[in-house]
Structures are given as C-alpha cells and as structure tokens.
Amino acid sequence: MTVWDEVVGQPAVVELLRSAAAAAADIVSGQPVPPGAMTHAWLFTGPPGSGRSVAARAFAAALQCERGGLGCGECAGCHTVRARTHADLHQVVPEGLSIAVHEMRAIVVSAARLPIGGRWQVVVIEDADRLTEAASNALLKAVEEPPARTVFLLCAPSTHPDDIAVTIRSRCRVVALRTPSADAVADVLVRRDKIDPAEAAWAAQAAQGHVGRARRLARDGQARDRRRAVISVPASLTSLAACFTAADQLVKAAEEEAAAVSAELDGPETEALERSLGAGGTGRGVAAAVRGTAGAIRDLQRRQKSRATRAQRDALDRALVDLAAFYRDVLVVGTGAEVRPAHPDAADDVRRLARALAPEDALVRLEAVLECREELELNVKPRVAVEAMAVALRLP
Ligand SMILES: [Zn+2]
C-alpha cells in the first residue's frame, strides 16, 4: 500500500499532493521546478473525520520518501514518518485544549536546522485551531520566512479566522478535504483493516463518513453499545423527568469514556516521568532537584487534567453527532426524502418520532442538538448545556 491509500475518498487532493511531492523531490535532487510547484506552508481543512491529519501525514511521508517523492509506503523514509520516528519530522499534537507558546517556539527552532536525512524538515501541526495567540505569533514568524528546506503542514477545521489566524492562512496553500462517502469509508475498512464487508458497510454508514469512528464501531463492542444508548434517547423523552435522566446518562457516559482513556495514559506517564527525574537520591542539590521534580510533576498533572477535559468533551460531541443524525433521519422520513438513513438500526424509533413530530418540530430538535454542540465549544458546563438540550427534545 502506498501512503496515499490512507487518504480516503479524496482523489483531487491526492493528485495535488502527489505532484507537489514530486516537485519537492526534484528540488532535493537539484532539478529546476516550475514556480509554485512546491510550497512551504500548507493548510489542510475539512470537517472532523475527513482525514485532514491523515492527508498531512501522507504528504509528510511522501516528502521523506526515498523513491523520488512517490510515497511508496515501503522505504525507510515512508515507514519512519508513519511510525512518527523520522528525525526530520516534528509533530505538534495537542493533548489539552491549546498549544502553548513554549511548545511552538521549541518546534520552530528545531525545524530551522538543516534536515538530517537531506530532504525536508517537516512540521505537522494537528489542530492548528488550538494554537494560543502567542503560539500563533511564534509560528507566523517561521511561516513568513521559512528556511529553504522546511515545510509546515497545518490542520484545522476550516479557514475561518476563528480556526486559523488570517495572517497565517494568507501564507498557506489550502487543501480542502470533504467528508468521504460511506462507500469510500467501507472500502478502506475492508481493504486495510480486513473488516467483513457487511459490517464495514454498516459501520461506515453509522459513522457518517468519519473513518476513525467507523473503524471503532466495527471493532469495539463498547463503542457500539454507547452509540446504541445514545440513539435510544430521543424516543425515551416522554416527560421532564426522563429528559433529566437522559441528560445525566449522556454526561456520565462521556465522563466514563474519558476516565477510561485517562486511566490508560496517566499512570505510565507519571511513572516514566518519575523514573526520568530519578526519584530518590541524596547529596547536595537534592533539595533543588526535588523542587524541580515537584514542578515537573505538577506540569504533567496539569496537562493530564487538560487532556481529560478534552477527552470528555470529544466523547460528548460524538454522542451529539449521533443524536443530530437521528433527528435528521426523522426529517428524512417525515418529508419522504430518498436519502440513506444514518441509523438504519433505529428505523423503528425514527418512524415513531416521524409520526409524532411534524417536520418543523423535528427541525427545531435537530437545531437544539447543534446548539448544544456550539455551547460546549464555547465552554458552557457540559451538564448545563446537555440538560437544556434534553428538555428542548422532549416529545409532545
Ligand atoms: Zn517511500
């Protein structure tokens, strides 16, 4: 498989990146290339799950590919980028809610060095929309005057100023990805992940074009159970009490999911840090070292807490996406539109609600779910936002 096989359902994007990677290889081997054939700063945009960071990483691999920028998927260059161990690859993956300025400065400094492998220094910034203003300014300086062999690959939901500073965007070539079709997603699950075709088709449809989510649904029974619980919510909202119960369950499920993620990551991280700081010891300087140790551990705890908040919000957001799709299905049935449903396995509930709700009432509920997503994005307390939404979803 070449590195491009990972980029699902985006033929135009792959075409563009392939030719840029070929031009980049020509630059490395000292051949002339037409102006604009290769660019130092790229911005990958697209809705969650469209594969912006996957596309950025495939491009990064092609830039380091030892076979003329082909992105063969087999050479050491392609392999080490995919394994994230390539010496000239710098990745910024925020675990918390923002990317701090010190992190950005450190990356900019190391990316300014000549590439060790003789090709390119590649900086991949996933979630560039989470750069703090100071971090954004540190990055801007580097993007304004990029070193000759440095390439910046930024990923953000859109080119909106809320997502990426106008000053940075104006210096980037924009690669717009779209949500891949369910067929394209199912196809990759079958080919790459060896998932049974019928199961892949179901998961791709239920995940609404989100490749990662489709894979989880196909493989992880708990993920399927959580989805099942979420899409059974709308039909249960027959009283105010039921609304509060459902809200409580949605929030708790997200907390549990986040806690499971944290439990898996926090312990080993803290242990590794303590080991690297050499817990224990005697002699002069120990007091200072201990103070330093406490600081580093506090720092780690802060990052872990921020990651947990993020994980909880992501889990809740996934549930809301499923809920929104449910009301969309109700609208589809209510209006008699010929569109494939997102939740074919909830067809009974969908039909029942389509009888109970006029299309405009279903639309109001769909909007209530989307509004809840926006409020969470604005840092409204999850419980408050979800309770308000659940009450608005109550059945007549
Ligand atoms: Zn290769």
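Here's what I pulled together on the structure shown here. Numbering of residues starts from 1 in each chain and follows the order in which that chain's sequence is written. In view of the model being predicted, local features appear only for residues whose pLDDT reaches at least 70, and side-chain atom pairs are presented and counted only at 80 or more, with totals across whole chains, interfaces and linings using the full set of residues. Note: side-chain values were computed over all heavy atoms of the structure, leaving out hydrogens and water.

## Observations concerning the coordination of the zinc ion
For the record, the criterion: Each metal's donors comprise the N, O and S atoms found within 2.8 Å of it (within 3.2 Å for Na, K or Ca). Water is not part of the atom list, so some coordination spheres may appear incomplete. Runs of H or I in DSSP of at least four residues are treated as helices and runs of E of at least two as strands, each being numbered from the N terminus. Only protein chains enter the accessibility calculation, which uses a 1.4 Å probe. A residue is then buried if its area is under 20% of the maximum for its type, exposed if over 50%, and partly exposed in between.
C65 (SG), C72 (SG), C75 (SG) and C78 (SG) make up the full set of protein donors to the zinc ion, lying at 2.3 to 2.4 Å. The sequence motif formed by the donor residues of the zinc ion is C-x6-C-x2-C-x2-C. Remark: C75 occurs in the loop between α2 (52-64) and α3 (76-82) and C65 occurs in the loop between α2 and α3; sequence separation between them is 10 residues. In this pair, the class of C65 matches that of C75, namely buried.

## Quick notes on the side chain of D329
Applied cut-off: Residue contacts follow a heavy-atom distance rule, with two residues in contact if any of their heavy atoms lie within 4.5 Å.
Here D329 lies in helix α13 (residues 286-335). With sequence-adjacent residues up to four places away left out, D329 is seen in contact with P341, A342, H343 and V350.

## Looking at the pairing of strand β1 (residues 41-45)
Applied cut-off: When DSSP finds at least two bridges between two strands, those strands are taken to pair.
A large share of β1 lies buried, amounting to 5 of its 5 residues. Of the two faces of β1, the one lined by A41, L43 and T45 and the one lined by W42 and F44 are each fully buried. Strand direction decides the pairing type here: β1 and strand β4 (residues 150-156), joined by 5 bridges, are parallel. If you follow T45 over to β4, its bridge partner there is A156. For β1 and strand β5 (residues 173-176), the ladder comprises 4 bridges, and the chain directions are parallel.

## Notes on the pattern of salt bridges
To be explicit about the condition: Only one rule defines a salt bridge in this text: a Lys or Arg side-chain nitrogen within 4 Å of an Asp or Glu carboxyl oxygen.
Taken as a whole and assessed by the stated rule, the structure comprises 22 salt bridges. With a shortest N-O distance of 3.5 Å, R228 and D345 are connected by a salt bridge. Here D345 lies in the loop between α13 and α14 (347-356) and R228 lies in helix α10 (residues 221-231), a separation of 117 residues in the sequence. D345 sits in the partly exposed class, given a relative accessible area of 33%. Among the ionic pairs, R351 bridges to D348, the shortest N-O distance being 2.9 Å.

## What about the packing of aromatic side chains?
We apply this condition: Classification of ring pairs uses Phe, Tyr and Trp, with its six-membered ring standing for Trp, and accepts pairs whose centres are within 6.5 Å; under 30 degrees between planes counts as stacked, over 60 as edge-to-face, and the remaining range as tilted. Either the NZ atom of lysine or the CZ atom of arginine qualifies as a charge over a ring when it sits within 6 Å of the ring centre and within 35 degrees of the ring normal.
This structure, assessed with the given rule, holds 2 aromatic pairs. Plain terms: the ring middles of W42 and F59 are 4.9 Å apart, the flat faces sit at 70 degrees to each other, and that makes the pair edge-to-face. Separated by 17 residues along the polypeptide, W42 in strand β1 and F59 in helix α2 bring together distant segments of the chain. Residue W42 shares its accessibility class with F59, and that shared class is buried. Ring geometry for F326 versus Y327: centroids 5.6 Å apart, planes at 80 degrees, classification edge-to-face. The ring of W120 carries R149 above its face, with NZ or CZ at 5.6 Å from the centroid.

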